[in-house]
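Tertiary structure, described
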Amino acid sequence: MTESSSDSMRLRVPRILWGALVFSTCLFLVVLVIQQRTGALPTEPVNPIMLPVIAVVALGVAVFGVVFSRQMHRGLLKAAKLEVVSEVDERSGPVLFRDAAPTIRAFANPEQARAVAFTRFHTPFILGMAMSEAVALFGFTLAMLGFPMLQVLPFWVVCWGLMIMRFPTLKRVLEPLEAAHDAVLK
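Residues numbered from 1 in each chain as written. Predicted model: local features only at pLDDT ≥ 70, side-chain atom pairs only at ≥ 80, totals over all residues. Heavy atoms only, no water.

Note that side chains of opposite charge can pair when their charged atoms are close. Following the criterion strictly, the structure yields 4 salt bridges and no others. Two residues, aspartate 7 and arginine 114, come together in a salt bridge whose shortest N-O distance is 2.6 Å. Here the residue aspartate 7 occupies a position in helix 1 (residues 5–38), and arginine 114 occupies one in helix 3 (residues 110–119), the gap between them amounting to 107 residues. Arginine 114 carries the same exposure label as aspartate 7, and that label is buried. A salt bridge links aspartate 182 to arginine 105, with the nearest nitrogen and oxygen atoms 4.0 Å apart. Of this pair, aspartate 182 sits in the segment after helix 6 (170–181) while arginine 105 sits in strand 2 (residues 103–107), and the two are 77 residues apart along the sequence. Classification of arginine 105 as partly exposed rests on a relative accessible area of 39%. (Salt bridge = Lys/Arg side-chain N within 4 Å of Asp/Glu carboxyl O. Helix = DSSP H or I, 4+ residues; strand = E, 2+ residues; numbered from the N terminus. Buried < 20%, exposed > 50% of the residue type's maximum accessible area, 1.4 Å probe, protein only.)

Right, let's get into helix 2 (residues 50–79). Along its 30 residues, helix 2 runs 42 Å from first to last C-alpha, staying within 8% of the 44 Å computed at 1.5 Å per residue. Of all the positions in helix 2, only Leu51, Ile54, Ala58, Val61, Ala62, Gly65, Val66, Ser69, His73 and Leu77 are classed as buried. In this structure, the buried side of helix 2 is in contact with helix 3, helix 4 (122–144), helix 5 (149–165) and helix 6. (Expected span 1.5 Å × (residues − 1). Contact = heavy atoms within 4.5 Å.)

Below, the structure is given as C-alpha cells:
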C-alpha cells in the first residue's frame, strides 16, 4: 500500500497524538529524575507489597488495552455499511478459453471505504494509546512511593513497546477494514 498525499494528511493527527503521548511518558521520567536528585522521593518503598500488586494491575491494563482496542476496531469496521462487489481479478494470469476468470471481492466505493477506515481508526487508537500510557503511569506511581528506578523502568519499556506497536501507518488503518469485509481496497 502506497501512502498518497490525502492518506498522509489523514494520518497526521494520529501521528501527532502518538508523538505527544510518547513524549509525555519521557517527561514522566524527567520528573522522576529531578525528584530523586532533589531528595523529594522516599528512599525506601512505603509499602513493599505495592510493586507486585501494581505490576499485576499494569499487566492487566496492557493486555486489556491490546485486546479491547482490537475488538473495538474490528466491531466498528464490521458495523460499517459498505457495498462490496465481485470483480475480475486483474492480478491473475491470462484466462484460457473455457476457464472462468477469477474474481475478487472489492469495495464498490473505494473512497468511502477509505474514509470509513480512517474515521473508525481514531477511537480504538486513542484508547489503546491511553492504556499504554497508563502502564508508564503505574511505574511513575511506584517511583513516587519510593521504589528504585531499576524496578520501575520495566513499566516504561512495556509502555513504549505497546506504543511502538500502535504507530499509525496506512497498513494499520486499511488492512483491518479489508479483513472485516473480506474485500480488497483498490
